[in-house]
Amino acid sequence: VKDTKPKAERPAGMLDANASAKPMTTLMIRNVPSRYTKWELAGEFGCEEVWDFLYLPGVCGSKANHSYAFVNFTTQAGAVRFLERWHKKRLSRYSAQKPLNICFATTQGFRANVDLV
């Protein structure tokens, strides 16, 4: 008998984080509305989890951003809670049309991210 129950949707990268020996603390957030600033984004996310790095790259010669951001948390548990809270949610400003798409980033950790910026 084939199981016809819908499977619970898990945010991309969730299984990788739980199986990794090295803590997964950095998330990539896609579909950030292009008018958001780093400060607006930080304010929207609040202080529920402790992060030490937020990077929202901007478009040269414009006030727009590239519609993605990276955020590093101080613990893997904090990153997972944030992912579970915000994945597939819409931001409140600027009539956000697309839900956020959040996954674990390829580059992990505060130092590794700072070295890239």
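Our subject is the structure that appears above.
Quick notes on the rules
- Residues numbered from 1 in each chain as written.
- Predicted model: local features only at pLDDT ≥ 70, side-chain atom pairs only at ≥ 80, totals over all residues.
- Heavy atoms only, no water.
- Pairing = 2+ DSSP bridges.
- Helix = DSSP H or I, 4+ residues; strand = E, 2+ residues; numbered from the N terminus.
- Axes fitted to C-alpha atoms, helices over the stretch in contact; angles between N-to-C directions.
- Contact = heavy atoms within 4.5 Å.
- Core = buried A, V, L, I, M, F, W, Y, C linked by side-chain atoms within 4.5 Å.
- Buried < 20%, exposed > 50% of the residue type's maximum accessible area, 1.4 Å probe, protein only.
- Patch = residues over 30% accessible without salt bridge, like charges linked within 9 Å, V, L, I, M, F, W, Y side chains within 5 Å.
- Areas by Shrake-Rupley, 256 points an atom, 1.4 Å probe, with all protein chains shown as cover.
- Salt bridge = Lys/Arg side-chain N within 4 Å of Asp/Glu carboxyl O.
- Polar contact = N/O pair within 3.5 Å; in protein donor to acceptor, adjacent residues only side chain to side chain.

Q: Explain the sheet that holds strand β4 (residues 101–104) to me, please; I cannot follow it from the model alone.
A: Backbone hydrogen bonds are what pair the strands of a sheet, in a parallel or an antiparallel way. One open sheet holds the four strands; their spatial order is β2-β3-β1-β4, and the pairing between them is antiparallel. Since the sheet does not close on itself, it has two edges, and those belong to β2 (51–55) and β4, each with one partner. Mean inter-strand twist for the sheet, computed between neighbouring axes without regard to direction, equals 20 degrees. Strand direction decides the pairing type here: strand β1 (residues 26–30) and β4, joined by four bridges, are antiparallel. Within β4, the position partnered with Ile-29 by the bridge is Ile-102. Sheet contacts for helix α2 (residues 38–45): β1, β2 and β3 (68–73); angle to β2, the most-contacted strand, approximately 140 degrees. Set on the sheet, helix α3 (residues 76–86) makes contact with β1, β2, β3 and β4; between it and β4 the angle comes to about 160 degrees.

Q: I keep staring at the nonpolar core and nothing clicks. Help me out?
A: The nonpolar side chains of a soluble globular protein tend to be buried, and buried together. Counting residues in hydrophobic clusters, the biggest one holds 21 residues, and the most contacted among them are Leu-27 and Leu-41. Non-local contacts of Leu-27, meaning those with residues more than four positions away in its chain, are made with Ala-69, Phe-70, Val-71, Phe-73, Ala-79, Phe-82, Leu-83, Ile-102, Cys-103, Phe-104 and Ala-105. Judged by nonpolar contacts, the second largest core, of five residues, contains Met-28, Phe-70, Cys-103 and Ala-105.

Q: Quick question: what am I supposed to make of the environment of Lys-88 here?
A: With respect to the helices, strands and loops of the structure, Lys-88 is situated in the loop between α3 and β4. On the basis of relative accessible area, Lys-88 is assigned to the partly exposed category, the value being 42%. For the pair formed by Lys-88 and Asn-31, sequence separation is 57 residues and the distance between their alpha carbons is 9.8 Å.

Q: When you look at α3 in this model, what are you seeing that I'm missing?
A: Two residues of an α-helix separated by three or four positions point the same way, owing to the 3.6 residues in each turn. Among the residues of α3, Gly-78, Ala-79, Val-80, Phe-82, Leu-83 and Trp-86 are the ones counted as buried. Immediately downstream of α3, the backbone of Lys-88 shows phi near 70 degrees, a positive value.

Q: What's the story with a nonpolar patch on the surface in this structure? I'm lost.
A: On the surface, Tyr-55, Leu-116 and Val-117 cluster together into a nonpolar patch covering about 310 Å² of accessible area. Within the secondary structure, Val-117 sits in the segment after α4 (110–116).

Q: Help me understand the pattern of salt bridges in this model?
A: Side chains bearing opposite charge may pair, as long as their charged atoms lie close to each other. This model, assessed by the stated rule, comprises two salt bridges. Arg-93 is paired through a salt bridge with Glu-40; the nearest N and O atoms lie 3.1 Å apart. Placement of Arg-93 in the loop between α3 and β4 and of Glu-40 in helix α2 is noted, with a sequence separation of 53 residues between them. By relative accessible area, Arg-93 is classed as partly exposed at 39%.

Q: Sorry, what's going on with the side chain of Asn-65 here?
A: Considering the arrangement of structural elements, one finds Asn-65 in the loop between β2 and β3. Polar contacts involving the side chain of Asn-65 include one to the main-chain carbonyl oxygen of Tyr-36, which spans 2.9 Å. A polar side-chain atom of Asn-65 sits 2.5 Å from the main-chain amide nitrogen of Ser-67. Look past the residues within four positions of Asn-65 in its chain and what remains in contact with it is Val-32, Pro-33, Ser-34, Arg-35, Tyr-36, Leu-56, Pro-57, Gly-58 and Val-59.

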